[in-house]
Structure formats: structure tokens, C-alpha cells
Amino acid sequence: MPEDAPVADPGAQASEPAQASEPAQAVGPVVRAAEADVPAEPRVRRRRGRTALLIATAAVLGLVAGTCTGFVIQADREPTKLAPLSQPVVAQAKGDGPEPLSAAQDHRVKTDGDLRKLLLPRPKGAKTADWLGDADGWMDVGAYAESYEKPAGAFRELIADEYRRAAVTGWSSGSTYTVEVRLVQFRQEEKLAAADSAEEGHYWAAKKSDTSDWPVPGTGDGVAYVHNKPDTKPGYLPLYEAEAHAWRGDVAVEIWVYDSKPIPKAKIMDLAERQMERL
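Computed from a predicted model, the values in this text were never measured in an experiment. (Residues numbered from 1 in each chain as written. Predicted model: local features only at pLDDT ≥ 70, side-chain atom pairs only at ≥ 80, totals over all residues. Heavy atoms only, no water.)

(A) Expanded view of the environment of Lys267. With respect to the secondary-structure elements, Lys267 resides in helix H7 (residues 265-278). Overall, Lys267 belongs to the partly exposed group, its relative accessible area being 35%. For the pair Lys267 and Val226, spaced 41 residues apart in the sequence, the C-alpha separation amounts to 9.8 Å. (Helix = DSSP H or I, 4+ residues; strand = E, 2+ residues; numbered from the N terminus. Buried < 20%, exposed > 50% of the residue type's maximum accessible area, 1.4 Å probe, protein only.)

(B) Spatial organisation of H7. Between the first and last C-alpha of H7 there are 21 Å, a value that for 14 residues agrees with the 20 Å anticipated at 1.5 Å per step. The set of residues buried in H7 consists of Ile268, Met269, Leu271, Ala272, Gln275 and Met276. Buried residues of H7, viewed axially, fall in a sector of 160°; they line one side. Residues of H7 that are exposed and point over 90 degrees away from its buried face: Ala266 and Glu277. Tucked into the core, H7 has its buried residues touching strand S3 (163-173), strand S4 (177-186), strand S5 (211-215), strand S6 (223-231), strand S7 (239-248) and strand S8 (251-259). (Expected span 1.5 Å × (residues − 1). Arc of directions from axis to C-beta. Contact = heavy atoms within 4.5 Å.)

(C) Structural detail: the packing of aromatic side chains. Enumeration over the complete set of coordinates arrives at 4 aromatic pairs. Ring geometry for Tyr144 versus Tyr148: centroids 5.6 Å apart, planes at 75°, classification edge-to-face. Its relative accessible area of 1% is what places Tyr144 among the buried residues. The class of Tyr148 is partly exposed, set by a relative accessible area of 28%. Plain terms: the ring middles of Tyr163 and Phe186 are 6.2 Å apart, the flat faces sit at 90° to each other, and that makes the pair edge-to-face. Of this pair, Tyr163 sits in strand S3 while Phe186 sits in strand S4, and the two are 23 residues apart along the sequence. Take Tyr163 and Phe186: they sit in the same class, and that class is buried. One aromatic cluster is present, formed by Tyr144, Tyr148, Tyr163 and Phe186 through successive ring pairs. (Phe/Tyr/Trp six-rings, centres within 6.5 Å; stacked < 30°, edge-to-face > 60°.)

Structure follows, in C-alpha cells:
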């Protein structure tokens, strides 16, 4: 063993425990004091023989000779003609190309038009809801933000979500039954804001106590909710509520139903299914 090689100290190993955080290392055999002064046998390096050197030299010479022969053979051959750069012109197909998709096949053709035409029609015998006033069926971003509890914050979020427009309709029947339907459209150049809007509606609807819910067929993740516990205030009739939230493409669908008596599941489900079919 060389003189500068470290020698393991059994006493030191017994007094200093190994650190738990470091991986265990293999410990070699302890060298006895009598053997420490005996130099280790030197490793003999084997030299390459002359046979290997001759073989390597012959291989190099053969490679050079083969390369020279290849150049001579190629020089005696006639040059290979290259393909012409110009290619024959492909005849263009006749006709004006495929026809654009119809509104029934292309969702964007339908929703890029007058969004108000896609709203559920007012039932016969029902009258226009009082809260719509003289509105033409459109809600700009300011009017839509006003429907939130905190309009200022909602306005900023709607701008960030690339709010485009909203179409709204509503009607009342009798003295207490009212319906409101909104189609909220987003530009969706940066994110799927319509899906996010529907998800937000699901979140708040599910937070209300004593609520029943059912998936809306044909919507993927559309859900209808009936709130079984009414909102009560002194001097007012109890107010029951049902709602539905869904989305398709760049349009989020919002439906609310209010009445002084419990609202059946069939009522909100019928409204949600018929509205989604129109999209």
C-alpha cells in the first residue's frame, strides 16, 4: 500500500456514528499494523505486441489504397445527369371548392348571428318580465356586472374573461311565477370562459342548503338545481328558486325560476333541455 493511502481507524469508527442523512458507504477491511509497512505489489502494465502494431498499420494502408482506387474509378465514369428543377404543373381541380357548413352543422354560424333569436320564446299567455323594462334583449358588460353582488369586481373579471355580449329574456305568469334566461357569450381567444362561467354557476348553486340537482341530458356537464328551502322575509311571501347552468361552445346558459310555491324538477329540466336544443 502506498504511504499516503488513508488507513481506517477502528477506534474512530466506533466513537463517531455515521450520519443518517448521508448514504452508507462500503468500509474496506482493516489493515493490520504489521502489514501497513509492507508495500503492495505494483500492477504490471501490459505493452502492446508488435503483431498488433503491424495489423493496425496494414489496416490504415488498405483504407488509403481503397479510397484512391474509388476516386480513380469514379473519375473514369460519365457524369450522371441531374433531374430537372422544374416539375410538371399539376392541373387544378374543377369547381369552386367545398360549400361552407350550414348553421345546423357549424355552431359558430348560429351563435355569431343574432343571439336573441336563440333564446326560448315567451310562452303564450305569459307577459314580459317587469325588470326587463324597455331593454332590447341585450346586456352589455356594465349591465351584466350589475347583476352581481359586487359589480366593480365582477366588471374587472368579465373584462379579463373577454366578455362579448349577453342576450336575455324573461316572463311572468300569474302573480308570483317568473322566469329569466340569459345567453352569455365570450370571445374565448385566451381561455374557455364559457365553461368557466358555467362552473362558477354550479359552485354557487351547490353551496345553498337543502338543494337537489340533476344533470341536464345532452349537455355533458349541465346541471339543474331546485332549492327546496324558500327565502323568507317578514311581510313577504316565501320565495322558492330553481336554476340551471350549462354551456356550449362560447356561450354560457343561465336559467332562473322563482315562485311562491315549490318548483318541481320537471319545470326547470324542461326549460334547460329546450334552451340547450336551440344552441
